[in-house]
Amino acid sequence: MNNYKKILVTGADGFIGSHLCELLVKKKFNVSAISFYNSFGSNGWLDYLSKDIKDKIKIISGDIRDKDFVSSCVKRQDVIFNLAALIGIPYSYRSTESYIDTNIKGTFNLLSASKKQKIKKFIHISTSEVYGSAQKIPITEAHPVVGQSPYSASKISAEQLCISYNKSFALPVTILRPFNVFGPRQSTRAIIPTIIGQYMQNQKILNLGLMTPTRDFNYVEDTVHAFYKCINAKGISGEIINIGTGKEFSIKVVAEIISDYFGKKIKVKQEKKRIRPKLSEVLRLCSSTKKSKKILNWRSSIKSKKDLKIKLYETIEWYIKNKKLMKINNKEYHI
Ligand SMILES: NC(=O)c1ccc[n+]([C@@H]2O[C@H](COP(=O)([O-])OP(=O)(O)OC[C@H]3O[C@@H](n4cnc5c(N)ncnc54)[C@H](O)[C@@H]3O)[C@@H](O)[C@H]2O)c1
């Protein structure tokens, strides 16, 4: 039984948002989805969902930086999932103000409208990037936050606004901190699709940045399942919850698994332009899974290298099948 019926998803046109909308429709919620307005009439990945799912989603195009627009979307909703954000780390070095406007001001608009509308649950999607390089592994929710990039700083600020709305106005806000997500539909700017794309282009040399940083790689379907669990979970207001696997793998290991799939070893060249400024580079991320297990009764399906390999292979097959949809990005990437 679902306690709440009407759900608004921001960033629904994106990678994770489109998977979340798909799941929520399957779970019989009444889903409204904000897609970022553009002059091409595109609703991003929502346009590629199967017709029976897409027809059940109310798509509203607009901009979360616009207070009046946000206010009209939040009306009569029960639960808000806030995923809309600018997420590229390299772009955040160049266009910091747009991160402040979207990630901070956009979140403020949503919080402010949710307070007025007495929203039942506000689930804010933050990121493991707020931790900076791990000072202690596994990373628990009590680990300090360090803004090692303008992206991370904008997400920390948005979290703090969420916390303030919970403490000052009793808005039932929950902050989720997903660790690296991968799977079908991810932008080819992200590390896993970057590697897959270069193999698919039959490049002689794999152009990458640092190979040693580790990440906690979670499969997108697992991640959105954790988001979904929040809808009916009790006692999560004011809580911060990591969404990760509890396993860490280096970029080198991920590249090796992908290389095994394609059955060819290619030389790796470290390109300077792909390396972050030294103090901005996040060297290790690995989540504690205790709280998500206890409070959401959720665990990732990735529990070993073998599981990671299965999900990476599924992802590669999706990219091969959908080659025409993806623009291979050879210039920069974010992890
Ligand atoms: N991908 C990951 O590994 C990862 C990990 C942790 C957290 N996250 C968080 O998850 C959320 C979704 O990330 P994603 O990977 O799906 O990224 P994405 O870029 O695919 O999706 C973000 C969406 O936000 C929309 N958007 C941007 N600015 C907007 C605006 N002003 N108004 C309305 N919509 C706007 C974009 O159109 C985009 O589709 C983000 O908040 C991100 O910080 C992602």
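Residues numbered from 1 in each chain as written. Predicted model: local features only at pLDDT ≥ 70, side-chain atom pairs only at ≥ 80, totals over all residues. Heavy atoms only, no water.

Draft legend 1. Representation of the overall build of the chain in the model. Secondary structure assignment for the chain yields 11 helices and 13 strands. Taking the principal axes of the C-alpha coordinates as reference, the chain spans close to 55 × 45 × 40 Å. Residues classed as buried in the chain amount to 56% of the 335 residues present. For the chain, restricting intrachain contacts to residue pairs at least 6 apart in sequence, the fraction spanning at least 24 positions comes to 83%. About 15,300 Å² of surface is accessible on the chain, with carbon and sulfur atoms providing 53% of the total. (Helix = DSSP H or I, 4+ residues; strand = E, 2+ residues; numbered from the N terminus. Buried < 20%, exposed > 50% of the residue type's maximum accessible area, 1.4 Å probe, protein only. Contact = heavy atoms within 4.5 Å. Areas by Shrake-Rupley, 256 points an atom, 1.4 Å probe, with all protein chains shown as cover.)

Draft legend 2. Local environment of the site of the ligand. The local shell around the ligand holds 25 residues, among which Asp-13, Ile-16, Asp-63, Tyr-151 and Lys-155 are the closest. Gly-14 has a polar backbone atom sitting 3.2 Å from an oxygen atom of the ligand. Between the ligand and Tyr-151, the relevant distance is 2.7 Å, taken from an oxygen atom to a side-chain nitrogen or oxygen of the residue. Out of a free accessible area of 820 Å², the ligand has 89% covered by protein chains. Secondary-structure elements contributing two or more residues to the shell around the ligand are helix H1 (15–26) and helix H6 (150–169). (Near = heavy atom within 4 Å. Polar contact = N/O pair within 3.5 Å; in protein donor to acceptor, adjacent residues only side chain to side chain.)

Draft legend 3. Highlighting the pattern of salt bridges. Using the criterion set out here, one finds 12 salt bridges in the structure. Here Asp-63 ties to Arg-65 by a salt bridge, and the two come within 2.6 Å at their closest N and O atoms. The residue Lys-265 makes a salt bridge to Asp-260 at a minimum N-O spacing of 3.8 Å. We classify Lys-265 as exposed; its relative accessible area is 67%. Taking relative accessible area as the criterion, Asp-260 reaches 44% and is therefore assigned partly exposed. (Salt bridge = Lys/Arg side-chain N within 4 Å of Asp/Glu carboxyl O.)

Draft legend 4. Here's a closer look at the domain arrangement of the chain. Taken domain by domain, the chain comprises domain 1 (6–181 + 218–243) and domain 2 (186–215 + 247–285 + 301–325). Put simply, the middle of domain 1 and the middle of domain 2, counted by C-alpha atoms, are 25 Å apart. With 21 residues of domain 1 in contact, the opposing surface of domain 2 contributes 19 residues. Buried surface at the junction of domain 1 and domain 2, both sides included, amounts to about 1,600 Å², of which 57% is carbon and sulfur. At the surface where domain 1 touches domain 2, the tally comes to 1 salt bridge. At the level of elements, helix H4 (89–94) and strand E10 (218–219) are the ones that each hand at least two residues to the side of domain 1 that touches domain 2. Class assignment for the residues of the side of domain 1 that touches domain 2 results in 12 nonpolar, 7 polar and 2 charged. (Domains from an automatic or database assignment. Buried area = accessible area lost by both parts, 1.4 Å probe. Nonpolar A, V, L, I, M, F, W, Y, C, P; charged D, E, K, R; others polar.)

Draft legend 5. View of the pairing of strand E1 (residues 6–10). With 4 of its 5 residues buried, E1 lies for the most part within the structure. Pairing geometry for E1 and strand E2 (residues 30–36), over 4 bridges, is parallel. Looking across to E2, one finds that Leu-8 is bridged to Ser-32. Between the parallel pair E1 and E2, the chain is carried across by H1, and the sense of this crossover is right-handed. Across 4 bridges, E1 lies against strand E4 (residues 79–82) in parallel orientation. Among the inter-strand pairings, Val-9 is bridged to a residue of E4, identified as Phe-81. (Pairing = 2+ DSSP bridges. Right-handed = clockwise from strand over helix to strand, strands pointing away.)

Draft legend 6. Highlighting unusual backbone geometry. The omega angle of the peptide bond from Ile-137 to Pro-138 is -5°, so this bond is cis rather than trans. Along the chain, Pro-138 turns up in the loop between strand E5 (121–125) and H6. Phi at Lys-28 takes a positive value of approximately 75°, unusual for a residue other than glycine. One can find Lys-28 in the loop between H1 and E2. Positive phi, close to 55°, is recorded for Ala-170, a residue that is not glycine. Along the chain, the position of Ala-170 falls in the loop between H6 and strand E6 (173–178).

Draft legend 7. Geometry of the packing of aromatic side chains. Taken as a whole and judged by the stated rule, the model has 13 aromatic pairs. Between Phe-29 and Tyr-228, the aromatic rings sit 6.4 Å apart at their centres with planes inclined by 70°, giving edge-to-face as the arrangement. Pair noted here: Phe-29 is in the loop between H1 and E2 and Tyr-228 is in helix H8 (residues 220–232), with a separation of 199 residues, a long-range link. You can call Phe-29 buried: its relative accessible area is 6%. (Phe/Tyr/Trp six-rings, centres within 6.5 Å; stacked < 30°, edge-to-face > 60°.)

Draft legend 8. Here's a closer look at the packing of helix H7 (residues 191–200) against helix H11 (residues 305–321). Closest axis-to-axis distance for the H7/H11 pair is 11 Å, and the angle between their directions is 55°. One way to sum up the angle between H7 and H11 is to call them oblique. Read as a crossing pair, H7 and H11 show a hand that is right-handed. On H11, the residues that touch Ile-192, Pro-193, Ile-196 and Met-200 of H7 are Leu-312, Thr-315, Ile-316, Tyr-319 and Ile-320. The residue makeup of the contact of H7 with H11, split by class, is 8 nonpolar, 1 polar and no charged. (Axes fitted to C-alpha atoms, helices over the stretch in contact; angles between N-to-C directions. Parallel < 35°, antiparallel > 145°, perpendicular 65-115°, else oblique. Left-handed = near helix turned anticlockwise from the far one by under 90°.)

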